[in-house]
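# Structural overview for review
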Amino acid sequence: NIVWACGTFEVRSPNLLSQIDKRATWFVRNGKPQEIAITAWSFARLGVHSPNLFSEIDQHAGWLVAESKTQEVANLAWACGALEVQSTNLFFNIEKHARWLVEEGLPQGIANTAWACGRLGVLSYSLFYEIEKHADWFVSEANVQEITNTVWACATLGLQSPGLFSGVERRVEDIGRDGKAQGLANMCYAFAVLDLMIQHQSTLAHFWESLISMHSEEITTKELSQLVQVQFFAFSAGICLKDPSPVLRTRMDQVMRSTAQVESQFQRRVSTILSTIGFIHETEVSPLNATETGGMLAIDIACRKQKVAIECDGPSHFLIASGSGRFTRIENGPTKAKRLFLERSGWTVINLKYQDWMEAKTKSGEKLFVRNKLWEGGVDCGASGWKDNQAESYTVNRFSPSSKTEETMPLPERSAHNLSDTFPRGDGTRDTSFPEMDTSTEQRSDHIPESNEEESNRTAIED
């Protein structure tokens, strides 16, 4: 109760919080689920990390979820999301009990749990399937913030949810009227990232116009960044949105041009290899000829002459499996959206996944990997002497539980980028709005996937 009061009134008590962290083992093993959930919520509310507390919560997640009420589970999930704590066991049990959490939970708890998954990049199939299945009820009972938080989570994870977005259309008037700048920006961003702009064009226009009609100072830098991306994505899809006011346009331009990009080691290494094989290129290139986008949506490596875009996709571009805590090969929503935007803008896009890059253990393996990906994309390397019909193989040391022998990976066949996804329904049929799970995973690193720094409903519900 004391720490809950501190969290509610945003009063930091360093000595109290420090003692709780020191005695976390005793606290979790002797406390009740409600007390543990409220304590975790309070730490997150205050922005204070407690490694020992959250470690104990993760270790006892099975018991906590089984014995807690739905709102208490939601508070735990929200706390992890707010503090960017990856809690593998907690989200495994949330996935396991998703039906109960949605059918018995309140819209607030459901939205906060979905938001936490989006913030952490955790793909909880069952949770979002249950939200989609109960979308009519959820949208009719949830408040505007709860709806916009859930929609943002879907966009971040790259999950189209037809029932949810149809429900949004039915509430377009009150969302546009009552939504705050953050919620409206998240809504526009979701329609753009999930490529729902054409089928929901009037709804997108309504939210867009409600947002740009607000006083410019009500819109934060983060929301301005979302506005810029929405406008670019809409333009590439042939949709013209209403022009913002001159003041707002100036602020959007400033944010766009001030966005900085930092080259990764992966990107620098690929650039070096491209130079050695004679592929003329630049780094951090604006994707639009007529518009300077600054660092926003900049192409990692590009050849302007051939209009080839090479994206070096590190861990932050991929989702984390809720059951294992490992990175999957499933791209998140912004990564998919950027590729579609570039393709619509006339670029040939080649995505280099860090998982494949790590398999090429040697410098020669890395070089052949890059050349093979260029060949796969139909790219003429010119001075490198690489022929378009010259297939090679590269040898990698790929470890498997059964052996540590070298394995030769053949040159992948050319294939068009397939942006359609599927999601398994509980009855064995498939909903083409959700991505199919790739069971191949990578170990989680310390790098947390990029996510929206969104505020969520912070009210802890007590008995």
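Report on the accompanying structure.

Right, let's get into the environment of Lys 363. Topologically, Lys 363 is positioned in helix 23 (residues 363-376). Sequence separation of Lys 363 and Arg 269 is 94 residues, and the distance between their C-alpha atoms is 9.7 Å.

Taken across its six residues, strand 4 (residues 308-313) has six buried, putting it largely inside the fold. Note that strand 3 (residues 299-303) and strand 4 share three bridges and pair antiparallel. Residue pairing for strand 4: Cys 303 is matched across the bridge by Val 308. Between strand 3 and strand 4, which pair antiparallel in sequence order, lie four residues; one of them, Lys 307, sits at a positive phi of approximately 55°. Two elements, strand 4 and strand 7 (residues 348-353), share six bridges in a ladder whose sense is parallel. Residue pairing across strands places Ala 309 opposite Val 349, the latter belonging to strand 7.

Phi is positive for Glu 84, which is not a glycine, with a value near 55°. The partly exposed category is assigned to Glu 84, whose relative accessible area is 29%. Although it is not a glycine, Lys 307 sits at a positive phi angle of roughly 55°. Here Lys 307 shows up in the loop between strand 3 and strand 4. Assessed through its relative accessible area of 24%, Lys 307 is described here as partly exposed.

Moving on to the packing of helix 10 (residues 107-120) against helix 11 (residues 125-133). Two numbers describe how helix 10 lies on helix 11: the axes approach to 11 Å, and their chain directions differ by 140°. Classed by the angle they form, the pair helix 10 and helix 11 counts as oblique. Read as a crossing pair, helix 10 and helix 11 show a hand that is left-handed. Taking contact as the criterion, the partners of Ile 110, Thr 113, Ala 114 and Cys 117 in helix 10 are, on helix 11, Leu 127, Phe 128 and Ile 131. By residue class, the composition of the contact of helix 10 with helix 11 is six nonpolar, one polar and no charged.

What follows concerns the sheet that holds strand 4. Reading across the sheet, the four strands line up as 2-3-4-7 and stay open at both edges, with mixed pairing between neighbours. Looking at strand neighbours, the two that pair on one side only are strand 2 (282-285) and strand 7, the edges of this open sheet. Taken over all neighbouring pairs, the strand axes of this sheet differ in orientation by 35° on average, direction set aside. Where helix 21 (residues 333-344) meets the sheet, its contacts fall on strand 3, strand 4 and strand 7, and the angle it forms with strand 7 comes to roughly 155°.

Here we come to the pattern of salt bridges. Going through the model one piece at a time under the given rule, you end up with 17 salt bridges. Where Lys 133 meets Glu 130, a salt bridge forms, and the shortest distance between an N and an O atom there is 3.4 Å. With Lys 133 and Glu 130 both in helix 11 and three residues apart, the pair spans about one turn of that helix. You can call Lys 133 partly exposed: its relative accessible area is 43%. Looking at Glu 130, the relative accessible area reads 7%, which means it is buried. For the salt bridge of Arg 171 with Asp 174, the shortest nitrogen-to-oxygen distance reads 2.7 Å.

Calculation rules
- For every chain, the first residue of the written sequence is number 1, and numbering continues from 1 onward in sequence order.
- Residues qualify for local features only when their pLDDT is at least 70, as the model is predicted, and side-chain atom pairs are given and counted only at 80 or more; totals for whole chains, interfaces and linings, by contrast, use all residues.
- No hydrogens and no water enter the side-chain calculation; it runs on all heavy atoms of the structure.
- Secondary structure is summarised from DSSP: a helix means a run of H or I of at least four residues, a strand means a run of E of at least two, and numbering begins at the N terminus for each.
- Exposure categories follow from relative accessible area, calculated using a 1.4 Å probe and restricted to protein chains: below 20% of the type maximum is buried, above 50% is exposed, and the middle band is partly exposed.
- Two strands qualify as a pair provided DSSP detects at least 2 bridges between them.
- To get an axis, a line is fitted to the C-alpha atoms, and for a helix only the part in contact is used. The angle between two axes follows their N-to-C directions and goes from 0 to 180 degrees.
- Should an angle lie under 35 degrees it is considered roughly parallel, over 145 roughly antiparallel, and from 65 to 115 roughly perpendicular; all remaining angles are considered oblique.
- For any helix crossing, the convention is left-handed if the near helix is rotated counterclockwise from the far helix by under a right angle, and right-handed if that rotation is clockwise.
- We call two residues in contact when some of their heavy atoms are within 4.5 Å.
- Gly is placed with the polar residues, together with every amino acid not listed as nonpolar (Ala, Val, Leu, Ile, Met, Phe, Trp, Tyr, Cys and Pro) or charged (Asp, Glu, Lys and Arg).
- Every case where a carboxyl oxygen of Asp or Glu lies within 4 Å of a side-chain nitrogen of Lys or Arg is listed as a salt bridge.

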